[in-house]
Amino acid sequence: MGAGSGMAPLKALVEEQLFIQNRNSIDKTIAKPAREIHFFYGARNENDIVYVDYFYELAKQYPNFYYYPVLSRPDKDWLGATGYAQHVLALNWQNIVAQGDPEFYLCGPKGLIDDTIRLLRDKGVPESDIAFDVFS
């Protein structure tokens, strides 16, 4: 979950996990199934979304990677999710927890982080499964 400049560290985490999972699928001695990765990214408008084509391409390439760009101030042509990323997370909660107990990595502005942590606590997610970095 991220927004704004929170993209940079989250992009690195996504790439690392997909690289590890891809390596594990090639090396048959590692019997570890690929975990689903759900990446929610909030921006004000379409011009504020960075790497959008890159993440859509990753979602095509990796069937366990899901990308959710969310705009809080979309223009009339935007066909994707609108509102705030943490609200779209809540709407997709059953998909997120379907494979077991997920871990959450949050990076972005204080409002996003505070709202998301509150949501995760309300859903019973243990503190040990939530990592975050607040950007002000």
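Now for a quick tour of the structure. All residue numbers refer to position in the chain's written sequence, counted from 1. The predicted nature of this model means local features are confined to residues of pLDDT at least 70 and side-chain atom pairs, given and counted, to a pLDDT of 80 or more, with totals for whole chains, interfaces and linings taken over all residues. Derived side-chain values reflect all non-hydrogen atoms in the structure, with water molecules and hydrogen atoms excluded from consideration.

### Concerning the packing of aromatic side chains
To describe a pair of aromatic rings, you give the distance between the ring centres and the angle between the ring planes.
Part 1 of the argument: Any two of the Phe, Tyr and Trp rings considered here, Trp counted by its six-membered ring, make a pair once their centres fall within 6.5 Å; the pair's planes then place it as stacked at under 30 degrees, edge-to-face at over 60, or tilted in between. For the structure on display, the rule yields 11 aromatic pairs.
Part 2 of the argument: Their ring planes at 35 degrees and their centres at 6.0 Å tell us that F39 and Y67 sit as a pair that is tilted. In this pair, F39 sits in strand β2 (residues 37–43) while Y67 sits in strand β3 (residues 65–71), placing the two residues 28 residues apart along the sequence. Both residues of the pair, F39 and Y67, belong to the buried class.
Part 3 of the argument: With 4.0 Å between their ring centres and 10 degrees between their planes, F40 and Y68 make a pair best called stacked. Highlighted residues: F40 in strand β2 and Y68 in strand β3, separated in sequence by 28 residues. Neither F40 nor Y68 differs from the other in exposure class; each is buried. We count a stretch as a helix when DSSP gives it H or I for four or more residues in a row; a strand needs E for two or more, and each element gets its number in order from the N terminus. Each residue's exposure class comes from its accessible area (1.4 Å probe, protein chains only) as a fraction of the maximum for that residue type: buried when under 20%, exposed when over 50%, partly exposed otherwise.

### Section: helix α5 (residues 110–122)
Part 1 of the argument: To estimate the expected span of a helix, count its residues, drop one, and scale the result by 1.5 Å. Compared with an ideal rise of 1.5 Å per residue, which puts 13 residues at 18 Å, α5 spans 18 Å between its outermost C-alpha atoms and is within 8% of the ideal.
Part 2 of the argument: Turning to α5, its buried residues number three or more, namely L112, I113, T116, I117, L119 and L120. Taken down its axis, α5 places every buried residue within 160 degrees of arc, on the same side. For α5, exposure combined with an orientation more than 90 degrees from the buried face picks out K110 and D122.
Part 3 of the argument: On its buried face, α5 sits against β1 (2–3), α3 (85–91), α4 (93–97), β5 (104–109) and β6 (130–135). Arc, as used here, means the arc of the directions from the helix axis to the C-beta atoms. The contact definition used throughout considers only heavy atoms, calling two residues in contact when any of these lie within 4.5 Å.

That is the geometry; function is a separate question.
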